[in-house]
Amino acid sequence: MAGPRVEGDGGIMEGGGQILRVSTALSCLLGLPLRVQKIRAGRSTPGLRPQHLSGLEMIRDLCDGQLEGAEIGSTEITFTPEKIKGGVHTADTKTAGSVCLLMQVSMPCVLFAACPSELRLKGGTNAEMAPQIDYTAMVFKPIVEKFGFTFNCDIKMRGYYPKGGGEVIVRMSPVKQLSPINLTDRGCVTKIYGRAFVAGVLPFKVAKDMVAAAVRCIRKEIRDLYVNIQPVQEPKDQAFGNGNGIIIIAETSTGCLFAGSSLGKRGVNADKVGIEAAEMLLANLRHGGAVDEYLQDQLIIFMALASGISRIKTGPVTLHTQTAIHFAEQLAKAKFTVKKSEDEEDASKDTYIIECQGIGMTNPNL
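Going by what an unreviewed UniProt entry lists, the chain is known as RNA 3'-terminal phosphate cyclase and is assigned to Bison bison bison. Check the Sequence similarities (unreviewed entry) section of the UniProt entry for the chain; it says "Belongs to the RNA 3'-terminal cyclase family. Type 1 subfamily." The chain has a UniProt comment under Catalytic activity (unreviewed entry) that states "a 3'-end 3'-phospho-ribonucleotide-RNA + ATP = a 3'-end 2',3'-cyclophospho-ribonucleotide-RNA + AMP + diphosphate".

Now the structure itself:
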């Protein structure tokens with residue numbers, strides 16, 4: 001491929017791994033050679049971390065591309081993509097780096113491969129600073145499938161901070177084109193459910209305590225719905241290391257899904273973990289949007305690639321979302337607008353409509 005490299009500034013906006021994920025995925029899809037500089041420039045440990053490296057290497061392998069500058073601590077990479085291929089691809093963070101973030105970077109790419117793909121992702125399944133695999137399976141999956149594709153997510157082994165050791169296998173077939181989505185009608189909450197887990201040496205009582213505290217917290221605001229959070233002891237052969245955490249999901253009459261989640265840390269009591277997840281869910285239900293704050297940025301790349309106009313109603317637009325929009329406009333030339341929602345019921349709330357005229361990417365292989 002001749003032509004100039006697209007330049008990405010890795011130090012702006014979110015300024016972290018997300019810029020790399022969005023820009024390399026788009027570079028791979030669009031066949032645009034890319035250079036990203038000032039990677040994680042403002043962070044306490046600047047440059048690439050192991051989890052970013054495994055994501056970059058995976059994208060390189062997905063399309064037989066060339067990658068330069070990809071080592072730990074590097075603040076500049078160049079990437080030259082080739083043709084995206086399906087088949088089996090493995091990525092291993094070798095740490096508790098998130099398998100969910102590996103999935104975020106690779107999924108848009110393999111949708112436009114020539115044949116079905118199997119992604120074997122190794123690392124942390126329930127890790128800090130990233131979506132938990134339960135969020136990916138229970139919230140991200142049903143919503144992103146509205147773009148007109150399906151995928152299968154098989155959790156082989158759960159892995160926690162600091163060891164990782166988890167493994168998830170994602171299988172999906174390519175598509176010709178993505179359909180646009182419209183997620184603007186929030187509906188009313190009809191169900192609240194979830195799971196609270198303990199793994200390894202942690203006693204089952206911890207799971208029950210997280211549930212009880214979360215339910216008490218939700219009850220203060222939502223009295224008329226049964227809250228069904230299951231306490232779970234992860235089977236020994238399906239979890240590596242020790243961990244505890246909780247995810248709570250609210251489902252609405254129109255099929256919108258919102259979540260709150262939290263992970264236990266050493267020295268933090270179980271009640272606090274349960275309450276943190278419940279409060280996050282309640283905050284996500286207050287803003288009037290139709291997607292929660294973590295789904296926002298994950299949908300942007302799909303909106304940019306879809307054919308036609310997509311709209312999502314959100315609460316306050318996060319920095320991750322602004323970053324994803326910036327790079328989707330710069331690299332894919334999609335057009336986004338972000339406006340305050342004009343519906344009466346949103347007047348008192350911080351509610352926005354993100355609209356995108358997608359580029360209608362078509363799969364050249366199908």
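There's plenty left to go through after this.
**Student:** Could you clarify how one ought to interpret the overall build of the chain in this entry?
**Tutor:** Looking only at helices and strands, one finds eight helices and 17 strands in the chain. Against the 2.2 N^0.38 benchmark of 21 Å for 366 residues, the chain shows a C-alpha radius of gyration of 20 Å, consistent with a compact globule. For the chain, the C-alpha atoms occupy an extent of roughly 60 × 50 × 40 Å along the three principal directions. Here the chain holds 366 residues, and the buried ones make up 55% of them. When the accessible surface of the chain is split by element, carbon and sulfur atoms take 52% of a total near 15100 Å². Mean positive and mean negative side-chain charge positions of the chain (41 and 38 charges, respectively) differ by 4 Å.

**Student:** Looking at this structure, how should I read the UniProt feature "domain: RNA 3'-terminal phosphate cyclase" (unreviewed entry) in the chain?
**Tutor:** According to UniProt, the positions carrying the feature "domain: RNA 3'-terminal phosphate cyclase" (unreviewed entry) are residues 13–338. Here residues 13–338 is 35% helix and 27% strand, with 17 Å between the C-alpha atoms at its ends.

**Student:** So what exactly am I meant to see when it comes to the nonpolar core here?
**Tutor:** In globular proteins that are soluble, nonpolar side chains generally tend to be buried together. In terms of nonpolar packing, the biggest core is built from 108 residues, with Phe 149 and Leu 299 touching the most fellow members. Inspection of this core shows a minimum of three residues originating in each of domain 1 (6–183 + 291–359) and domain 2 (189–287). Residue contacts for Phe 149: discarding those within four places in its chain leaves Met 107, Leu 111, Val 144, Met 172, Val 175, Leu 178 and Phe 302. By size, the runner-up hydrophobic cluster in this structure holds six residues, among which are Ala 199, Val 232, Ala 239 and Leu 263.

**Student:** What am I meant to see in helix α2 (residues 50–62) here?
**Tutor:** Two residues of an α-helix separated by three or four positions point the same way, owing to the 3.6 residues in each turn. In a regular helix each residue adds 1.5 Å, so 13 residues correspond to 18 Å; α2 covers 18 Å between its end C-alpha atoms and thus fits that length. Taken together, the buried positions of α2 are occupied by His 52, Leu 53, Ser 54, Gly 55, Leu 56, Met 58, Ile 59 and Leu 62. Next to the buried residues of α2 lie α1 (17–30), β3 (66–68), β4 (77–80), β5 (87–92), α3 (99–110) and β6 (117–123). Positive backbone phi, approximately 50 degrees, marks Asp 64, located one or two places after α2.

**Student:** What is the right way to read the domain arrangement of the chain from this model?
**Tutor:** The accessible area lost on association of the parts is a frequent measure of interface size. Per the domain assignment, the segments making up the chain are domain 1 (6–183 + 291–359) and domain 2 (189–287). In this complex, domain 1 contributes 29 residues to the contact, which on the side of domain 2 involves 27 residues. Summed over both sides, the interface of domain 1 with domain 2 buries roughly 2200 Å², with 62% coming from carbon and sulfur. Per-residue buried area on domain 1 facing domain 2 is highest for Gln 132, Met 138 and Tyr 160; these three make up 26% of the total on that side. Ionic pairing is found between Glu 128 and Lys 265, a salt bridge with its closest N-O pair at 3.5 Å. With six residues, helix α4 (residues 133–144) is the single largest residue contributor to the side of domain 1 that touches domain 2. Considered class by class, the residues forming the side of domain 1 that touches domain 2 number 12 nonpolar, eight polar and nine charged.

**Student:** I tried to follow the environment of Thr 45 on my own but got confused; where do I start?
**Tutor:** Secondary-structure assignment places Thr 45 in the loop between β2 (34–37) and α2. As a C-alpha pair, Thr 45 and Glu 221 span 176 residues in sequence and 41 Å in three-dimensional space.

**Student:** Explain the pattern of salt bridges to me, please; I cannot follow it from the model alone.
**Tutor:** Oppositely charged side chains can form a pair if their charged atoms are brought close together. Applying the stated criterion to the full structure yields 22 salt bridges. Where Asp 61 meets Arg 60, a salt bridge forms, and the shortest distance between an N and an O atom there is 3.0 Å. Accessibility expressed as a relative area gives 31% for Asp 61, which makes it partly exposed. You can call Arg 60 partly exposed: its relative accessible area is 28%. Salt bridges here are not isolated pairs; linked through shared partners, they connect Asp 134, Arg 158, Arg 195 and Glu 234.

**Student:** Even after reading the chapter, I still don't get the sheet that holds strand β17 (residues 352–357), so can you show me in this structure?
**Tutor:** The pairing of strands in a sheet happens through backbone hydrogen bonds and is either parallel or antiparallel. Within the open sheet, the four strands sit side by side as β9-β15-β17-β16. Their pairing is mixed. The two strands at the open ends of the sheet, each matched to only one other strand, are β9 (182–183) and β16 (335–340). Summarising the sheet, strand β15 (residues 309–314) and β17 pair through six bridges and their orientation is antiparallel. Looking across to β17, one finds that Lys 313 is bridged to Ile 353.

**Student:** What exactly am I supposed to notice about helix α6 (residues 270–286) here?
**Tutor:** Compared with an ideal rise of 1.5 Å per residue, which puts 17 residues at 24 Å, α6 spans 25 Å between its outermost C-alpha atoms and is within 8% of the ideal. Just beyond α6, the residue with positive phi is Gly 288, at close to 85 degrees.

**Student:** Would you take a moment to explain the pairing of strand β13 (residues 243–252) for this structure?
**Tutor:** A regular strand carries its side chains on alternate faces of the sheet. β13 sits mainly inside the fold: nine of its 10 residues count as buried. Summarising the sheet, strand β10 (residues 189–199) and β13 pair through 10 bridges and their orientation is antiparallel. Opposite Tyr 193, over in β13, you have Ile 249 as the bridge partner. Bridge analysis of β13 against strand β14 (residues 257–263) gives seven bridges, and the strand direction is antiparallel. Looking at β14, one finds that Ile 248 is bridged to Gly 260. The hairpin formed by β13 and β14 contains four residues between the paired strands, and Gly 255 there has a positive phi angle of roughly 90 degrees.

Rules and cut-offs
- Within every chain, residues take consecutive numbers counted from 1 along the sequence as written.
- Two thresholds apply to this predicted model, a pLDDT of at least 70 for residue-level local features and 80 or more for giving and counting side-chain atom pairs, whereas whole-chain, interface and lining totals are computed over all residues.
- Side-chain metrics in this entry use all non-hydrogen atoms of the structure; hydrogen atoms and water are not considered.
- UniProt positions are given in the numbering used here, feature names are shortened, and annotations may be inferred rather than shown by experiment.
- Numbering of helices and strands runs from the N terminus, with a helix taken as a DSSP run of H or I at least four residues long and a strand as a DSSP run of E at least two residues long.
- The globule rule used here is 2.2 Å times the number of residues to the 0.38 power, and the radius of gyration it is set against is calculated over C-alpha atoms.
- Between buried and exposed lies partly exposed: a residue is buried under 20% and exposed over 50% of the maximum accessible area for its type, with that area taken using a 1.4 Å probe on protein chains only.
- All accessible areas in this document rest on Shrake-Rupley with a 1.4 Å probe, and a residue is counted as covered only by the protein chains that are shown.
- For the purpose of counting charges, residues Lys and Arg are taken to be positive, whereas Asp and Glu are taken to be negative. His and the chain ends are not included.
- For this purpose, a charge sits on NZ of Lys, CZ of Arg, CG of Asp or CD of Glu.
- Take the buried Ala, Val, Leu, Ile, Met, Phe, Trp, Tyr and Cys residues and link them wherever side-chain atoms come within 4.5 Å; each set so joined is a nonpolar core.
- Bear in mind that the domain bounds are from an automatic or database domain assignment.
- Contact criterion: two residues are considered in contact whenever any of their non-hydrogen atoms come within 4.5 Å of each other.
- Under the convention used throughout, the expected extent of a helix is 1.5 Å for every residue step, that is, one less than its residue count.
- Note on terms: buried area is the combined drop in 1.4 Å-probe accessible area of two parts once they are placed together, counting the loss on both.
- Counted as salt bridges are all cases of a side-chain nitrogen of Lys or Arg within 4 Å of a carboxyl oxygen of Asp or Glu.
- Only Asp, Glu, Lys and Arg are considered charged, only Ala, Val, Leu, Ile, Met, Phe, Trp, Tyr, Cys and Pro nonpolar, and every remaining residue, Gly among them, polar.
- A pair of strands is considered paired only if DSSP assigns at least 2 bridges between the two.

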